[in-house]
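Residue-level listing of the chains:
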Amino acid sequence: MDKDLEVLSGVNVSLRPITLADTDLIVRWRNNPAVRQNFIFRDTFTPEMHRNWMNTKVAGGEVVQYIIEEAATGRPVGSVYYRDIDRENSSAEYGIFIGEDDARGKGYGSETARLFTAFGIRALGLHRISLRVLSGNDQAYKSYEHAGFQREGVARDMVFLDGAYRDVIFMALLAPSV
């Protein structure tokens, strides 16, 4: 893991690099039904899975992951990350989840998206930041739009979840041209 990653401060949230000490939080959040329902990967998340993610993907630079904290209290409420970082093409896939039930609907996700995409462009040199969102996750879709992501397309019936096929919407944000 890159020890030189900076803390990102906003009005309502602060973002700090993830550590192995966050394992219990990540496992609890990822197994929260309100979080799990918006993920394509829905298997029970274990501490071993998280430690493997940290020791391979994060340590190997394929992933940059942060913990979202409430700025006023310092309470951890979720996580944001870039995965599949492609340094040759300056691209990555964005992901986020708010794990604490009482922290949803407060604008933390939108503020985090703006902070983290600006960081990705400035500090990581990303040109293209993409994401996938399940159709029907309207709150996340609107948050991504507010952060500057544009819809690029939809993969109809891409995944089979909860006994039904679901569409997956693809969105992306490009670094501003200079």
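Everything here concerns the structure above.
Residues numbered from 1 in each chain as written. Predicted model: local features only at pLDDT ≥ 70, side-chain atom pairs only at ≥ 80, totals over all residues. Heavy atoms only, no water.

A. Focus on the overall build of the protein chain. Secondary structure assignment for the protein chain yields five helices and eight strands. Ordered by position from N to C terminus, the α and β elements of the protein chain give β-β-α-α-α-β-β-β-α-β-α-β-β. The C-alpha atoms of the protein chain give a radius of gyration of 16 Å, which matches the 16 Å a tight globule of 178 residues would have. If one aligns the C-alpha atoms of the protein chain with their principal axes, the spans along those axes are about 45 × 40 × 30 Å. Burial statistics for the protein chain: of 178 residues in total, 44% are counted as buried. Split by element, the accessible area of the protein chain, about 9300 Å² in all, is 49% carbon and sulfur. Charged side chains in the protein chain number 21 positive and 24 negative. The centres of these two groups are separated by 2 Å. (Helix = DSSP H or I, 4+ residues; strand = E, 2+ residues; numbered from the N terminus. Rg over C-alpha atoms; globule rule 2.2 N^0.38 Å. Buried < 20%, exposed > 50% of the residue type's maximum accessible area, 1.4 Å probe, protein only. Areas by Shrake-Rupley, 256 points an atom, 1.4 Å probe, with all protein chains shown as cover. Lys, Arg positive; Asp, Glu negative; His and termini not counted. Charge placed at Lys NZ, Arg CZ, Asp CG, Glu CD.)

B. Layout of unusual backbone geometry. If you check the backbone angles, Asp 84 has positive phi at about 50° while not being a glycine. Tracing the chain through its elements places Asp 84 in strand β4 (residues 76-86). For Asp 84, a relative accessible area of 39% corresponds to the partly exposed category. For Asp 157, which is not glycine, the phi torsion reads 50° and is therefore positive. Turning to its location among the elements, Asp 157 is positioned in strand β7 (residues 150-161). The exposure class assigned to Asp 157 is partly exposed, which follows from its relative accessible area of 47%.

C. Expanded view of the sheet that holds strand β2 (residues 13-17). Pairing is mixed across the open sheet formed by eight strands, whose spatial order is β1-β2-β3-β4-β5-β6-β8-β7. The open sheet has two edge strands, β1 (8-9) and β7, and neither has a second partner. Where β2 and strand β3 (residues 64-70) come together, five bridges link them in antiparallel fashion. Across the sheet, residue Ser 14 finds its bridge partner in β3, namely Glu 69. Packed onto the sheet, helix α1 (residues 23-30) meets β3, β4 and β5 (91-98) and runs at close to 90° relative to β4. (Pairing = 2+ DSSP bridges. Contact = heavy atoms within 4.5 Å. Axes fitted to C-alpha atoms, helices over the stretch in contact; angles between N-to-C directions.)

D. Summary view of the nonpolar core. By size, the foremost hydrophobic cluster in this structure holds 32 residues, and its most contacted members are Tyr 66, Tyr 82, Tyr 94, Phe 116, Tyr 144 and Phe 149. For this core, the secondary-structure elements that each account for two or more residues are β2, β3, β4, β5, α4 (108-122), β6 (128-134), α5 (138-146) and β8 (164-174). In this view, Tyr 144 contacts Tyr 94, Ile 96, Leu 131, Val 133, Phe 149 and Met 171; residues no more than four positions away in its chain are not counted. In terms of nonpolar packing, the next biggest core, distinct from the first, is built from 14 residues, Val 35, Val 58, Tyr 81 and Phe 97 among them. (Core = buried A, V, L, I, M, F, W, Y, C linked by side-chain atoms within 4.5 Å.)

E. Quick look at the pairing of β8. Pairing geometry for β6 and β8, over seven bridges, is antiparallel. Looking across to β8, one finds that Arg 128 is bridged to Leu 174. Hairpin remark: β7 followed by β8, antiparallel, with two residues in the connecting loop; positive phi at Asp 162, about 55°.

F. Structural view of the environment of Met 49. If you trace the backbone, Met 49 turns up in helix α3 (residues 47-58). C-alpha of Met 49 to C-alpha of Val 27: the two residues are 22 residues apart in sequence and 8.8 Å apart in space.

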